[in-house]
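Working through the structure, step by step
Each chain is listed here by its residues.
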Amino acid sequence: MKGAPIDQKWNVPATEESPLEGGFRAEFEVTTERGGPRYGELIEEVRTFMDKVRYASPTPELADEIIDDLKLFNAKLDTLLVDEWHTPSGTRVDLPSRGNITLPPYEVIDGGEDGVTASVEFRRFHLGGNGVAHGGHVAVVFDDLGGMAATLHVHGIARTAYLTVNYRSLTPLETPLTMRTWAERREGRKIFVKGTLHDGDRLCADMEALFIQLRPGQA
Ligand SMILES: CCCCC/C=C\C/C=C\C/C=C\C/C=C\CCCC(=O)SCCNC(=O)CCNC(=O)[C@H](O)C(C)(C)COP(=O)(O)OP(=O)(O)OC[C@H]1O[C@@H](n2cnc3c(N)ncnc32)[C@H](O)[C@@H]1OP(=O)(O)O
């Protein structure tokens, strides 16, 4: 298990009540094939690049060189752009954070109706200041794994209505941390979710959120 519980039925078929349109599609095809066998390595290399950019102080000459190289990379990707429902980024459940380049890398250890446990490691580029993680990046992981807990609890896609993070102690970079998220209670479409982030026994942050289960086809 890496970016999501692989045994879940993510490939939901479309029905009349649950069409293919909407903010979150009722049907999204989850495959582990898109992007090829080295897609995870590609994402990891980009993350490493961002780590280096965050801390590098390039000479003007090196900046020129890297800009030219990046323009070539961007032109290569321009020929292969697809819509969000067909990109591997976000749906490769076999990869950390489902291959989503925008998320701090996490690996799901356990996930189901009762909640999600994941190992998350903030990278050097997630620096806020003073050597520790930016609070916004902590919130992003709570949002994603809170959304996953809500989704698994109701077997349907949910959207964040609010999310409150309490930062209890500093969140280190480059350290395996444990995040837990679970649905505390449900009232119809409202799913009240809680979560914690620990470095060993030390609580770094906790959160409370409300997710709303989307109606079929809801934008
Ligand atoms: C996506 C994954 C695809 C890949 C799949 C692969 C594998 C899948 C694996 C796992 C999935 C994993 C992760 C999930 C991923 C991401 C999670 C991140 C989700 C987000 O990051 S998402 C973006 C941020 N999010 C927004 O952009 C929301 C903007 N907003 C709206 O879209 C609407 O606002 C909405 C829909 C929230 C509600 O609208 P609505 O019309 O459906 O419902 P309505 O307003 O009637 O509210 C119903 C009841 O909730 C109460 N209520 C509403 N809001 C409240 C609030 N703030 N505080 C207190 N109570 C509230 C009302 O008071 C009423 O309560 P009552 O029924 O008791 O009267």
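Scoring rules and cut-offs
- Residues numbered from 1 in each chain as written.
- Predicted model: local features only at pLDDT ≥ 70, side-chain atom pairs only at ≥ 80, totals over all residues.
- Heavy atoms only, no water.
- UniProt positions renumbered as here; feature names shortened; annotations may be inferred.
- Helix = DSSP H or I, 4+ residues; strand = E, 2+ residues; numbered from the N terminus.
- Buried < 20%, exposed > 50% of the residue type's maximum accessible area, 1.4 Å probe, protein only.
- Expected span 1.5 Å × (residues − 1).
- Near = heavy atom within 4 Å.
- Polar contact = N/O pair within 3.5 Å; in protein donor to acceptor, adjacent residues only side chain to side chain.
- Areas by Shrake-Rupley, 256 points an atom, 1.4 Å probe, with all protein chains shown as cover.
- Nonpolar A, V, L, I, M, F, W, Y, C, P; charged D, E, K, R; others polar.
- Pairing = 2+ DSSP bridges.
- Axes fitted to C-alpha atoms, helices over the stretch in contact; angles between N-to-C directions.
- Contact = heavy atoms within 4.5 Å.

Following the UniProt record, one finds the feature "domain: Thioesterase" (unreviewed entry) at residues 130–202. Measuring from the first to the last C-alpha atom of residues 130–202 gives 19 Å, for a span that is 27% helix and 47% strand.

Let us look at the environment of Met1. Mapped onto the elements of the fold, Met1 is located in the segment before α1 (39–55). The class of Met1 is partly exposed, set by a relative accessible area of 45%. The spatial distance from the C-alpha of Met1 to the C-alpha of Thr87 is 20 Å, given a sequence separation of 86 residues.

Our focus in this paragraph is helix α3 (residues 135–154). Between its first and last C-alpha, α3 extends 28 Å over 20 residues, near the 28 Å set by a 1.5 Å rise per residue. Burial runs high along α3: 14 of the 20 residues are buried.

If you check the shell around the ligand, you find 22 residues, and the closest are Asp143, Arg159, Arg189, Lys190 and Gln218. Here Lys190 contributes a side-chain N or O atom positioned 2.7 Å from an oxygen atom of the ligand. Considering the ligand on its own, with 1,400 Å² of exposed area, one finds that the protein chains cover 59% of that surface. Of all the secondary-structure elements, those providing two or more residues to the shell around the ligand are α3, β5 (158–167) and β8 (202–213). Residue composition of the shell around the ligand, by class: eleven nonpolar, five polar and six charged.

Turning our eyes to something else, we now look at the sheet that holds strand β1 (residues 106–112). In any sheet, the strands associate via hydrogen bonds between backbone groups, in a parallel or an antiparallel arrangement. In spatial order, the strands read β1-β2-β6-β7-β8-β5; together these six strands make up an open sheet with antiparallel pairing. Since the sheet does not close on itself, it has two edges, and those belong to β1 and β5, each with one partner. Going across the sheet, the axis of each strand differs from the next one's by a mean of 20 degrees, ignoring polarity. Set on the sheet, α3 makes contact with β1, β2 (115–120), β5, β6 (177–187), β7 (190–199) and β8; between it and β5 the angle comes to about 135 degrees.

Of all ten residues in β7, seven are buried, a share of seventy percent or more. Pairing of β6 with β7 involves nine bridges; the strand directions are antiparallel. What sits directly across from Thr181, in β7, is Gly195. Hairpin connection from β6 to β7: two residues lie between these consecutive antiparallel strands, with Gly188 at a positive phi of about 60 degrees.

It is worth spelling out unusual backbone geometry at this point. Of note, Ser97 is a non-glycine position whose phi angle comes to about 50 degrees, a positive value. Its location among the elements puts Ser97 in the loop between α2 (60–78) and β1. You can call Ser97 buried: its relative accessible area is 0%. In this model, His155 sits at a positive phi of 55 degrees, which is unusual for a non-glycine residue.

So, on to the pairing of β2. Pairing analysis gives six bridges linking β1 to β2, with the strands arranged antiparallel. Bridge assignment links Gly111 to a residue of β2, and that residue is Val116. The turn joining β1 and β2, which pair antiparallel and follow one another in sequence, is formed by two residues.

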